[in-house]
Structure formats: structure tokens, C-alpha cells
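# An overview of the molecular structure
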Amino acid sequence: SPETQTIIRFAGFQGVHVWVLVGILRCISDFCMSYSKAHFPDFVAQYDGQLESGLARMNDAFSALTILCVYNMFLICRFEPITDALGNANAKFMGTRLLLLIGQIQPSVTQMPVIMNRLGTNQHTAMLLHSSLLTLECLLVIVFNYFSWEFGVKKELLHDARSLQERREAGL
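Along each chain, residue indices are assigned from 1 in the same order as the chain's sequence is written. Side-chain atom pairs in this predicted model are given and counted only at pLDDT of 80 or more, local residue features only at pLDDT of at least 70, and totals for whole chains, interfaces and linings cover all residues. No hydrogens and no water enter the side-chain calculation; it runs on all heavy atoms of the structure.

The next thing to look at is a nonpolar patch on the surface. Nonpolar side chains collect at one region of the surface, where Leu 136, Leu 139, Leu 140, Val 143, Tyr 146, Phe 147 and Phe 151 lie side by side and expose about 730 Å² of accessible area between them. Along the chain, the position of Leu 136 falls in helix H8 (residues 123-150). Partly exposed describes any residue whose relative accessible area lies between the buried limit of under 20% and the exposed limit of over 50%, with all areas from a 1.4 Å probe on protein chains only and scaled to the type maximum. Residue Leu 136 is classed as partly exposed on the basis of its relative accessible area, which comes to 47%. Patch rule: a residue counts if its relative accessible area is over 30% and it has no salt bridge; like charges are joined within 9 Å, and nonpolar side chains (Val, Leu, Ile, Met, Phe, Trp, Tyr) within 5 Å. Areas reported as accessible are Shrake-Rupley estimates using a 1.4 Å probe. Residue values count occlusion only from the protein chains shown. Criterion for a salt bridge: a side-chain nitrogen of Lys or Arg within 4 Å of a carboxyl oxygen of Asp or Glu. By the criteria applied, helices consist of DSSP H or I runs no shorter than four residues and strands consist of E runs no shorter than two, each listed in order from the N terminus.

Structure representation (C-alpha cells):
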């Protein structure tokens, strides 16, 4: 229905749009910081405290927006037209939400001093551990998503442009 499309387009995806925008700004900031460390070490040494503080604030904001994005997805998956077509839509998008959370939280966990001491890693190997674990976690999400989407979905409804009420009247 038009009102559902409006809700999803404007209200539903605002969290996603902000998350993407802050993510882009975070990537640009990380790139600029790395470039500056390599090519302008004196400048970085002079303003290191302010630069690191700014990056930490941006990471905190990104963490909060990640949680907002996950909550937003949870709400959208509860809309009746979506659950009618997809069945348990929350289960089908659980992998995406997990990857969002893991991608944001896991680096902090792998770089905790307690974890680094226990595993015998340094900052670089902790980041490598995160990347390696994320690859394995992506594989697990792929398998989970395959079974979630293959079974329990009314596939004919995924391509049906009629409204929920029109489908019900037609007996689907």
C-alpha cells in the first residue's frame, strides 16, 4: 500500500541512511589519519590527542547508530505486509543484524588488553584476528540465510506487486 511504502521509505530507512553516512565519514577519517601518520608524522604527533579523541567520538556515534539500525530493521520486519510475504522476516535478517553488530563490536573486543595478553597478540594481529573471524562469521551467516530464505517463504509473494488486502481477496 502507498502508506506502507511511505513509512518504509522515509521513516524506516532514516537510521540506515544516517548509518551509511557516518560510516562513510568514519572511513574517510580513518584513511586521512593513516595517510597523515605516514606522510605528516610531525603534524600527527603535535595533534595526536585531539585527532584520536575525534576518532573515538566518531566510533562511539557509529556504535550507537549501529544499534539504532539493528532496532530499525527489527521494527520494519514486523510490518504485516512484510511478514505476510516473508514469514518470519526477523529470522531472515538476523544474519545481517549480527554482522552489523559483530563488525562494530568485535574489533574492540579483540583489541582489549586482557584478550590481547591472553591470546599473545599485538594491535596488528588483533585486527587480523578480527578480519579472519569476520570471514568465518560471514560464511556462517551465508549458510543461515540460505536455509532461512529457502524454507518458509512464499516465493510467489516476493514478486507480487498487489497490496496485502488485494492478495487476501484473491485467496493467496
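Here an axis means a line fitted to C-alpha atoms, over the contact stretch when the element is a helix, while the angle between two N-to-C directions is reported on a 0 to 180 degree scale. With their axes 10 Å apart at the nearest point, helix H6 (residues 94-110) and H8 run at an angle of 165 degrees to one another. By the criterion of interaxial angle, the relationship of H6 to H8 is roughly antiparallel. Where H6 crosses over H8, the handedness of that crossing is right-handed. Here Met 94, Gly 95, Leu 99, Ile 102, Gly 103, Gln 106, Pro 107 and Thr 110 of H6 come into contact with H8, specifically with Ala 126, Leu 129, His 130, Leu 133, Leu 134, Glu 137, Cys 138, Val 141, Phe 144 and Asn 145. In this classification, the charged set is Asp, Glu, Lys and Arg, the nonpolar set is Ala, Val, Leu, Ile, Met, Phe, Trp, Tyr, Cys and Pro, and all remaining amino acids, among them Gly, are polar. In the contact of H6 with H8, the residues fall into 11 nonpolar, six polar and one charged. Note on terminology: angles under 35 degrees are roughly parallel, angles over 145 are roughly antiparallel, angles of 65 to 115 are roughly perpendicular, and the others are oblique. In a left-handed crossing the near helix is turned counterclockwise from the far helix by less than a right angle, and in a right-handed crossing that turn is clockwise. The criterion used for residue contact is that any of the two residues' heavy atoms lie within 4.5 Å.

What follows concerns the packing of helix H3 (residues 41-76) against H6. Packing of H3 against H6 leaves a shortest axis separation of 10 Å and a crossing angle of 170 degrees. Put simply, H3 runs roughly antiparallel to H6. Contact residues: H3 offers Asn 59, Phe 62, Ser 63, Thr 66, Ile 67, Cys 69, Val 70, Met 73 and Phe 74, while H6 offers Thr 96, Arg 97, Leu 100, Leu 101 and Gln 104. For the contact of H3 with H6, a count of residues per class yields eight nonpolar, five polar and one charged.

Further remarks concern the packing of aromatic side chains. Under the pairing criterion, centres of Phe, Tyr and Trp rings, with the six-membered ring standing for Trp, must be within 6.5 Å; the plane angle then separates stacked pairs below 30 degrees from edge-to-face pairs above 60, leaving the rest tilted. Scanning all chains against the criterion turns up four aromatic pairs. For the ring pair Tyr 146 and Phe 147, a centre distance of 5.2 Å and an interplane angle of 80 degrees mean the geometry is edge-to-face. With a relative accessible area of 47%, Tyr 146 lands in the partly exposed category. Residue class for Phe 147 comes out partly exposed when judged on its relative accessible area of 46%. Here a set of aromatic residues connected by ring pairs shows up, and it is made of Phe 31, Tyr 35 and Phe 40.

Locating Ser 36 in the fold gives a position in helix H2 (residues 14-39). In terms of polar contacts, Ser 36 uses its side chain to reach the backbone carbonyl oxygen of Cys 32, at 2.8 Å. Once residues lying within four places of it in the same chain are set aside, the contact partners of Ser 36 are Pro 41 and Val 44. The term polar contact refers here to a pair of N or O atoms within 3.5 Å; inside protein, the definition further demands a hydrogen-donor-capable atom paired with an acceptor-capable atom, and it admits residues adjacent in sequence only when both atoms are side-chain atoms.

Attention now moves to the pattern of salt bridges. What the rule picks out here adds up to one salt bridge. One salt bridge connects Glu 52 with Lys 37, and the closest N-O pair in it is separated by 3.6 Å. You can see Glu 52 sitting in helix H3 and its partner Lys 37 sitting in helix H2, a full 15 residues away along the chain. You can call Glu 52 partly exposed: its relative accessible area is 34%.

What follows concerns H8. Spacing of three or four residues puts side chains on the same side of an α-helix, whose turn is 3.6 residues. Expected helix span is computed as 1.5 Å times (number of residues minus one). The end-to-end C-alpha separation of H8 is 40 Å, in line with the 40 Å expected for 28 residues at 1.5 Å each. Among all positions in H8, only Ala 126, His 130, Glu 137, Val 141, Asn 145 and Ser 148 are buried. Check the buried side of H8 and you find it contacts helix H5 (89-92), H6 and helix H7 (113-119). A distance of 3.0 Å separates the backbone nitrogen of His 124 from a side-chain oxygen at the start of H8, and that oxygen is part of Asn 122.

Look at H6: 23 Å from first C-alpha to last across 17 residues, which is about the 24 Å you get at 1.5 Å a residue. Bending is quantified residue by residue as the angle between axes fitted to the seven-residue window ending at that residue and the seven-residue window starting at it. In H6, a bend of some 30 degrees at Ile 102 exceeds every other bend along the element. Those residues of H6 that fall on the buried side of the exposure criterion are Gly 95, Arg 97, Leu 100, Gln 104, Gln 106, Pro 107 and Thr 110.

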